Amino acid sequence: SGRSESHAVHPGAGRPSLFVLPVGPVPPNPLELVEGSRFAALLAMVAATFDHVIVDTPAFSHGMDGAVIAAACRRALVVVRRHRTPMNGVQDLLATLSRSPTEVAGVVLNDF
(Lines give C-alpha, C1' and ligand atoms only; values in the text may rest on other atoms or scores of the structure.)
Protein backbone atom coordinates (compact mmCIF):
# COMPACT_ATOMS: atom_id res chain seq x y z
CA SER A 1 0.00 0.00 0.00
CA GLY A 2 3.07 2.23 0.16
CA ARG A 3 2.58 2.86 3.87
CA SER A 4 5.49 0.79 5.20
CA GLU A 5 9.07 1.67 5.92
CA SER A 6 11.59 1.25 3.11
CA HIS A 7 13.38 -1.64 4.85
CA ALA A 8 10.35 -3.70 5.85
CA VAL A 9 12.07 -7.09 5.41
CA HIS A 10 13.58 -8.17 8.73
CA PRO A 11 15.90 -11.08 9.63
CA GLY A 12 14.10 -13.86 11.51
CA ALA A 13 15.13 -14.14 15.16
CA GLY A 14 17.68 -16.92 15.64
CA ARG A 15 17.49 -18.02 12.00
CA PRO A 16 20.28 -16.44 9.92
CA SER A 17 18.79 -17.56 6.59
CA LEU A 18 15.18 -16.56 7.36
CA PHE A 19 13.75 -13.15 6.51
CA VAL A 20 10.23 -11.94 7.27
CA LEU A 21 8.06 -9.25 5.73
CA PRO A 22 5.31 -8.62 8.31
CA VAL A 23 1.86 -7.77 7.02
CA GLY A 24 1.52 -4.53 9.00
CA PRO A 25 -1.80 -2.75 9.46
CA VAL A 26 -4.71 -3.99 7.38
CA PRO A 27 -5.34 -1.51 4.56
CA PRO A 28 -8.87 -0.47 3.61
CA ASN A 29 -8.59 -2.25 0.23
CA PRO A 30 -6.51 -5.46 0.66
CA LEU A 31 -7.95 -7.36 -2.32
CA GLU A 32 -7.29 -4.42 -4.66
CA LEU A 33 -3.69 -4.28 -3.45
CA VAL A 34 -2.92 -7.96 -4.12
CA GLU A 35 -4.51 -7.70 -7.56
CA GLY A 36 -2.37 -4.68 -8.45
CA SER A 37 0.96 -4.23 -10.18
CA ARG A 38 2.80 -3.25 -6.98
CA PHE A 39 2.10 -6.66 -5.44
CA ALA A 40 3.31 -8.37 -8.62
CA ALA A 41 6.47 -6.24 -8.48
CA LEU A 42 6.98 -7.16 -4.81
CA LEU A 43 6.65 -10.87 -5.64
CA ALA A 44 9.14 -10.53 -8.49
CA MET A 45 11.60 -8.70 -6.23
CA VAL A 46 11.49 -11.26 -3.42
CA ALA A 47 11.65 -14.17 -5.88
CA ALA A 48 14.81 -12.66 -7.39
CA THR A 49 16.33 -12.02 -3.94
CA PHE A 50 15.52 -15.22 -2.03
CA ASP A 51 15.77 -18.93 -2.81
CA HIS A 52 12.30 -19.73 -1.44
CA VAL A 53 9.37 -17.43 -0.73
CA ILE A 54 6.36 -18.42 1.38
CA VAL A 55 3.33 -16.15 1.37
CA ASP A 56 0.89 -16.81 4.20
CA THR A 57 -2.70 -15.98 3.28
CA PRO A 58 -6.04 -15.72 5.03
CA ALA A 59 -8.07 -18.93 5.11
CA PHE A 60 -10.15 -19.63 2.02
CA SER A 61 -13.27 -19.47 4.18
CA HIS A 62 -12.50 -15.79 4.89
CA GLY A 63 -12.82 -14.62 1.30
CA MET A 64 -11.00 -14.65 -2.01
CA ASP A 65 -7.75 -12.99 -0.88
CA GLY A 66 -5.95 -16.33 -0.52
CA ALA A 67 -7.01 -17.58 -3.95
CA VAL A 68 -5.99 -14.28 -5.58
CA ILE A 69 -2.60 -14.36 -3.85
CA ALA A 70 -2.11 -18.02 -4.83
CA ALA A 71 -2.81 -17.14 -8.47
CA ALA A 72 -0.25 -14.33 -8.31
CA CYS A 73 2.30 -16.72 -6.78
CA ARG A 74 1.36 -19.44 -9.31
CA ARG A 75 1.74 -22.19 -6.70
CA ALA A 76 -0.06 -23.04 -3.47
CA LEU A 77 0.49 -25.34 -0.55
CA VAL A 78 -2.91 -26.02 0.98
CA VAL A 79 -2.91 -26.36 4.77
CA VAL A 80 -5.92 -27.96 6.46
CA ARG A 81 -6.59 -28.47 10.15
CA ARG A 82 -7.44 -31.96 11.33
CA HIS A 83 -10.98 -32.21 12.77
CA ARG A 84 -11.60 -28.51 11.98
CA THR A 85 -11.45 -28.00 8.22
CA PRO A 86 -14.54 -29.48 6.54
CA MET A 87 -13.74 -31.75 3.59
CA ASN A 88 -16.22 -29.92 1.34
CA GLY A 89 -14.28 -26.69 2.05
CA VAL A 90 -11.04 -28.36 0.94
CA GLN A 91 -12.75 -29.68 -2.20
CA ASP A 92 -14.14 -26.21 -2.97
CA LEU A 93 -10.68 -24.67 -2.54
CA LEU A 94 -9.01 -27.26 -4.78
CA ALA A 95 -11.72 -26.76 -7.42
CA THR A 96 -11.25 -22.99 -7.29
CA LEU A 97 -7.49 -23.31 -7.61
CA SER A 98 -7.84 -25.76 -10.52
CA ARG A 99 -9.67 -23.04 -12.49
CA SER A 100 -6.80 -20.59 -11.97
CA PRO A 101 -3.16 -20.49 -13.08
CA THR A 102 -2.25 -21.88 -9.65
CA GLU A 103 -0.43 -25.20 -9.35
CA VAL A 104 -1.22 -27.03 -6.11
CA ALA A 105 2.16 -28.06 -4.69
CA GLY A 106 0.54 -30.27 -2.05
CA VAL A 107 -1.76 -30.50 0.93
CA VAL A 108 -0.58 -30.44 4.55
CA LEU A 109 -2.66 -31.89 7.36
CA ASN A 110 -1.94 -29.81 10.48
CA ASP A 111 -2.72 -30.35 14.19
CA PHE A 112 -2.18 -34.07 14.64
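Our subject is the structure listed above.
Keep in mind that this is a model prediction, so the values were computed, not measured.

1. Overview of the pattern of salt bridges
Right, so step 1: Tallying each qualifying case throughout the model produces 2 salt bridges.
Right, so step 2: A salt bridge links R75 to E103, with the shortest nitrogen-to-oxygen separation between them at 3.2 Å. Remark: E103 occurs in strand β4 (residues 103-110) and R75 occurs in strand β3 (residues 75-81); sequence separation between them is 28 residues.

2. Details of the packing of aromatic side chains
Right, so step 1: Across all of its chains, the model carries 1 aromatic pair by this definition.
Right, so step 2: Judged by centre distance (5.4 Å) and plane angle (40 degrees), the rings of F19 and F50 are tilted. Of this pair, F19 sits in strand β2 (residues 15-20) while F50 sits in the loop between α2 (37-49) and α3 (65-73), and the two are 31 residues apart along the sequence.
Right, so step 3: Looking at F19, the relative accessible area reads 39%, which means it is partly exposed.
Right, so step 4: The class of F50 is partly exposed, set by a relative accessible area of 26%.

Calculation criteria
- Residues numbered from 1 in each chain as written.
- Predicted model: local features only at pLDDT ≥ 70, side-chain atom pairs only at ≥ 80, totals over all residues.
- Heavy atoms only, no water.
- Salt bridge = Lys/Arg side-chain N within 4 Å of Asp/Glu carboxyl O.
- Helix = DSSP H or I, 4+ residues; strand = E, 2+ residues; numbered from the N terminus.
- Phe/Tyr/Trp six-rings, centres within 6.5 Å; stacked < 30°, edge-to-face > 60°.
- Buried < 20%, exposed > 50% of the residue type's maximum accessible area, 1.4 Å probe, protein only.

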